[in-house]
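Results of the structural survey
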Amino acid sequence: MKPDKADALTTTETELLRDLRSRLGRATNDKAAAVLVNALVQTGPRVDIGPAPGDPVLDTKDFDAFKLAVAGASMAQLRSAVAGLKQLHGQGPQVVMKAVAAGLPQAVISRRLALGGREPAIDNGML
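These remarks concern the structure in this document. (Residues numbered from 1 in each chain as written. Predicted model: local features only at pLDDT ≥ 70, side-chain atom pairs only at ≥ 80, totals over all residues. Heavy atoms only, no water.)

Within the largest apolar cluster, 32 residues are counted, with the highest numbers of intra-cluster contacts made by Leu85 and Val108. Sorting the residues of this core by element identifies helix 1 (11-25), helix 2 (30-43), helix 3 (63-71), helix 4 (75-89), helix 5 (93-102) and helix 6 (104-115) as the ones contributing at least two each. When sequence neighbours within four positions are dropped, the list of residues in contact with Leu85 reads Val37, Leu40, Val41, Thr60, Phe66, Leu104, Pro105 and Val108. (Core = buried A, V, L, I, M, F, W, Y, C linked by side-chain atoms within 4.5 Å. Buried < 20%, exposed > 50% of the residue type's maximum accessible area, 1.4 Å probe, protein only. Helix = DSSP H or I, 4+ residues; strand = E, 2+ residues; numbered from the N terminus. Contact = heavy atoms within 4.5 Å.)

Here you go:
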């Protein structure tokens, strides 16, 4: 499937997301994970995945289901995923670290990069 031009990312946005994903992968403590997830939530509007008030929130309780939903998500669904991460962030650093260790925010970033035509889409069977 060819990426939609409306979803394109600039080189700067691409590098921002890749750097954030890399840092999330190296997060070793609760506070660092919480700061990085907050950075993703704050960066969301810049890359068109910032949730707006009233947007649906993707449930983050089942990490596997979250990642599966994100793997095939549209831009609107990614906004719901970011809203879920924002809500999760409010539950405290320990919960956020578990989500980071499970790869939730990284999956959101990877899907946004795929929709922007900057990386191949993740196969649902690879989760």
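With that out of the way, let us pick up helix 6. Between its first and last C-alpha atoms helix 6 spans 17 Å; for 12 residues at 1.5 Å apiece the expected length is 16 Å, and the two agree. Burial analysis of helix 6 places 12 of its 12 residues in the buried class, the great majority of the element. Looking at helix 6, one finds that the buried residues are Leu104, Pro105, Gln106, Ala107, Val108, Ile109, Ser110, Arg111, Arg112, Leu113, Ala114 and Leu115. Contacts from the buried residues of helix 6 go to helix 1, helix 2, helix 3, helix 4 and helix 5. Gly117 sits one or two residues past helix 6 and shows a positive phi near 75°. (Expected span 1.5 Å × (residues − 1).)

A few words now on helix 2. Taking 1.5 Å per residue as the helical rise, helix 2 with its 14 residues ought to reach 20 Å, and the 20 Å between its terminal C-alpha atoms agrees with that figure. For helix 2, the full list of buried residues reads Ala33, Ala34, Leu36, Val37, Leu40, Val41 and Thr43. Contacts from the buried residues of helix 2 go to helix 1, helix 4, helix 5 and helix 6. Put simply, Asn29 is the residue that caps the front of helix 2, since its side-chain oxygen is 3.1 Å from the backbone nitrogen of Lys31. (Polar contact = N/O pair within 3.5 Å; in protein donor to acceptor, adjacent residues only side chain to side chain.)

Backbone geometry follows two general trends: most residues other than glycine have a negative phi, and most peptide bonds adopt the trans configuration. Phi at Asp48 is positive, roughly 65°, even though this residue is not glycine. Its place among the elements puts Asp48 in the loop between helix 2 and helix 3. For Asp48, a relative accessible area of 39% corresponds to the partly exposed category.

Here the focus is the packing of helix 2 against helix 4. It is the contact of helix 2 with helix 4, at a shortest axis distance of 10 Å, that shows an interaxial angle of 145°. Handedness of the helix 2/helix 4 crossing: left-handed. On the side of helix 2, the interface is formed by Ala34, Val37, Asn38, Leu40 and Val41, while helix 4 contributes Val82, Leu85, Lys86 and His89. Considered class by class, the residues forming the contact of helix 2 with helix 4 number 6 nonpolar, 2 polar and 1 charged. (Axes fitted to C-alpha atoms, helices over the stretch in contact; angles between N-to-C directions. Left-handed = near helix turned anticlockwise from the far one by under 90°. Nonpolar A, V, L, I, M, F, W, Y, C, P; charged D, E, K, R; others polar.)

Nothing here speaks to function; it is all geometry.
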